[in-house]
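# Summary of structural features
Here is what each chain is made of, one letter per residue.
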Amino acid sequence: MKMAALGFQHLLAMYAGAILVPLIVGDALGLNPEQLTYLVAIDILMCGVATLLQVLNSKFIGIGLPVVLGCTFTAVAPMIAIGGQYGITAVYGAIIVSGLFVFIVSGFFGKLVRFFPPVVTGSVVTIIGITLIPVAINNLGGGEGAADFGSTANIALGFGTLLFIILMYRFTTGFLKSIAILIGLGAGTIAAAVMGRVDFSAVADASYFHMIHPFYFGTPTFEWSAIITMILVAMVSLVESTGVYFALGDITDKDLKEKDLSRGYRAEGLAIFLGGIFNAFQYTAFSQNVGLMQMTGVKKRSVIVITGSMLVVLGFVPKIAAITTIIPTSVLGGAMLAMFGMVVAQGIKMLSTVISESSENSMIIACSIGMGLGVTVVPELFAVLPNSLQILTSNGIVAGSVTAIVLNIIFNMTPRRKKEKQTAGTGELAKEAL
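Our subject in this report is the structure included herewith. (Residues numbered from 1 in each chain as written. Predicted model: local features only at pLDDT ≥ 70, side-chain atom pairs only at ≥ 80, totals over all residues. Heavy atoms only, no water.)

### Quick look at the overall build of the protein chain
- A count of helical and extended segments in the protein chain gives 20 helices and two strands.
- On C-alpha atoms alone, the protein chain measures out to a radius of gyration of 22 Å, which is about the 22 Å that the 2.2 N^0.38 rule sets for 434 residues.
- Oriented by its inertia axes, the alpha-carbon framework of the protein chain measures out at about 75 × 55 × 45 Å.
- Within the span of the protein chain, comprising 434 residues, buried residues form 53% of the whole.
- A total accessible area of about 18,700 Å² is found for the protein chain, and carbon and sulfur atoms account for 68% of it.
- Each charge class in the protein chain was averaged separately, 23 positive and 21 negative side chains, and the resulting centres sit 12 Å apart. (Helix = DSSP H or I, 4+ residues; strand = E, 2+ residues; numbered from the N terminus. Rg over C-alpha atoms; globule rule 2.2 N^0.38 Å. Buried < 20%, exposed > 50% of the residue type's maximum accessible area, 1.4 Å probe, protein only. Areas by Shrake-Rupley, 256 points an atom, 1.4 Å probe, with all protein chains shown as cover. Lys, Arg positive; Asp, Glu negative; His and termini not counted. Charge placed at Lys NZ, Arg CZ, Asp CG, Glu CD.)

Given below as C-alpha cells:
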C-alpha cells in the first residue's frame, strides 16, 4: 500500500505536464472533443510505456534508473506550427522519423552532444518559451477567434487561475508546491463550473474503456522542414534528459558509463517512435520527479514501475481523460502562462552560466534568439527564397536553432578559436602565478 501511494504521488507530480501538452496542441489544431479525449488518453498511456522502457535495465535498452518520462514542452510550439502548415499527419510523420533518428544515433550521441553546449540549448529553450507565450495569452483571453475573447469572465478566470498558482507557490512547500499547476487547473475549473462555463458533455459521452490503435489521425506524411524541426527538438530533449540521468545517478549512487547513457537514449528513441505511431508525442525525462525523489528520500525503481503501470491503466480509460478536456480555455491559458514562463526562465538559467564567459557567447545568444523570434513574428520574411532554403527559414525555432549551432561552431569550435582559448587560458594561469 505504501509503494502504491508513493507511485501515485509521482503520477500527480508529472500529471499536469502530461495532460497539458495534448490539450494545448489539440486545441490549437482544432480537434473535436472525441479526438481530444483520445489524444489525452493515448498520451497518458504512452508516458507510462516510455517510463517503463526507461526503468528497464536490459543489455540493449533502458538506463535502469528511477526516471519518469513525459511529454516535452519543447515540442509544443513546433508541433502547432507544423500542424498549422502541413496538417496533423505531418506532425506524426516527423515524430516517427525523429524517434528513429534518436534510436540510430543513441550509440554515439555522446560525441554529438558537443554541438549542443549550454549556449546552444539555452538559446533554443528560450526561443521555444518565448514563442509559446502568445499561445498562452490567446488562450487566457478565451481562445483565438472566440466570440467572447477578452470578456470579463475569461480574464477573471485566466488571471484568477494564475494568481491561485502563484499563491500556491508562495505559501506551500514540498509536494503541494510541486503540483501547484495541477491544483490551479482544478480550482480554476471548479470556479468556471460555478459560473456555468463548463460543458460536461465530453465526460458523459466518453466510454469507460477503449482499445488504442495506430495512426488514429491518419497515415503519417513526411515534410523535410517538419522532420528537421522535430529532430532538433529531440536532440535538445536528449541533452535535458542527460542532466536528469546524471542527477539520478548521483542520488542512487550509480556511476553512469557511456553504455548506460546509450541504453537511455535508445529507450527514448523507441518511446518517441512508438509515440508517433500511436499519435502521442516526443518524450523527455521529467525533472520534477527528481525533486520529489529528493524530498521523499525514496529512490527505488519499483516505485516508478508502479507509476508507469498506473499511467498505462489510466490511458485505457477515456472517461478519466475526458475530465481534463472540460478545462475552460481561459483557465488553461492562465496555467500555460506560468508554465511557459518557466520554460523561458529555464532557458535563461541555462544561459546565465555561459553568457559572461565571453562576448562571443553573448553574440551567439543575441543572434539566435533574435533570428528565432524575428522569423516567428514575420514568417513571410523569406517567402522569396527557394523551397529548399525555406526548410530552414520558415520556422523560427529551426532558424534560431541552426543559427545558434552554426555560430557556436564558428566562435567556439574552429581549430583557430580553440587555440586562442588555450593561449588565453595559459596567459591567465601565468598572471595568477605572478
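The discussion continues.
### Digging into the pattern of salt bridges
- Enumeration according to the criterion identifies three salt bridges in this entry.
- Among the salt bridges present, the one from arginine 197 reaches aspartate 148, with a minimum N-O distance of 2.8 Å. Of this pair, arginine 197 sits in the loop between α9 (180-194) and α10 (201-205) while aspartate 148 sits in the loop between α6 (118-140) and α7 (152-171); the two residues are 49 residues apart in sequence, bridging distant segments of the chain.
- Close ionic contact of aspartate 255 with lysine 257 constitutes a salt bridge, the shortest N to O distance being 2.9 Å. (Salt bridge = Lys/Arg side-chain N within 4 Å of Asp/Glu carboxyl O.)

### Some thoughts on the nonpolar core
- Counting residues in each nonpolar core, the largest one holds 128 residues, and the members touching the most others are Phe73, Met79, Ile181 and Tyr283.
- Of all the elements, helix α11 (residues 224-251) adds the most residues to this core, at 15 residues.
- Among residues more than four places away in sequence, those in contact with phenylalanine 73 are Gly17, Leu20, Val21, Ile24, Ile128, Leu132, Met339, Phe340 and Val343. (Core = buried A, V, L, I, M, F, W, Y, C linked by side-chain atoms within 4.5 Å. Contact = heavy atoms within 4.5 Å.)

### Some words on the state of the cysteines
- Under the defined criterion, the tally for this structure stands at zero disulfides.
- Just so you know, cysteine 47 is unpaired, no disulfide at all, and the nearest cysteine sulfur is the one on cysteine 71, 4.2 Å from it.
- By relative accessible area, cysteine 47 is classed as buried at 0%.
- On the accessibility criterion, cysteine 71 (1% relative accessible area) is buried. (Disulfide = S-S within 2.5 Å.)

### A closer look at α7
- The end-to-end C-alpha distance of α7 is 27 Å, a good match for the 28 Å that 20 residues give at a rise of 1.5 Å each.
- Within α7, burial applies to Ala153, Asn154, Leu157, Gly158, Thr161, Leu162, Ile165 and Met168. Along the axis of α7, the buried positions cluster into a sector of 165°, meaning they face one direction only. Facing away from the buried surface of α7 by more than 90 degrees, the exposed residues are Thr152, Arg170 and Phe171.
- Buried positions along α7 lie against α6, α8 (174-178), α9 and α16 (329-352). (Expected span 1.5 Å × (residues − 1). Arc of directions from axis to C-beta.)

### A closer look at the environment of lysine 299
- Structurally, lysine 299 is set in the loop between α13 (287-296) and α14 (301-315).
- With 47 residues separating them along the chain, lysine 299 and threonine 252 place their C-alpha atoms 6.6 Å apart.
- Leaving out residues up to four positions away in the same chain, lysine 299 has contacts with Pro66, Ile251, Thr252, Asp253 and Met293.

### Side note on unusual backbone geometry
- Of note in this structure, aspartate 253 is not a glycine but carries a positive phi near 60°.
- On the secondary structure map, aspartate 253 appears in the loop between α11 and α12 (258-277).
- Judged by its relative accessible area of 68%, aspartate 253 falls in the exposed class.
- Its identity is not glycine, yet asparagine 279 carries a phi of approximately 65°, on the positive side.
- Tracing the chain through its elements places asparagine 279 in the loop between α12 and β2 (283-285).
- Overall, the relative accessible area of 0% leaves asparagine 279 in the buried class.

### Comments concerning the packing of helix α17 (residues 359-377) against helix α19 (residues 396-413)
- Packing of α17 against α19 brings their axes to within 7 Å, and their N-to-C directions diverge by 160°. With respect to α19, the element α17 is oriented roughly antiparallel. Note on packing geometry: the crossing formed by α17 with α19 is right-handed. Mapping the contact onto sequence places Glu360, Asn361, Met363, Ile364, Cys367, Ser368, Met371, Gly372, Val375 and Thr376 in α17 and Gly396, Ala399, Gly400, Thr403, Ala404, Leu407, Asn408, Phe411 and Asn412 in α19.
- Looking at the contact of α17 with α19, its residues break down into nine nonpolar, nine polar and one charged. (Axes fitted to C-alpha atoms, helices over the stretch in contact; angles between N-to-C directions. Parallel < 35°, antiparallel > 145°, perpendicular 65-115°, else oblique. Left-handed = near helix turned anticlockwise from the far one by under 90°. Nonpolar A, V, L, I, M, F, W, Y, C, P; charged D, E, K, R; others polar.)

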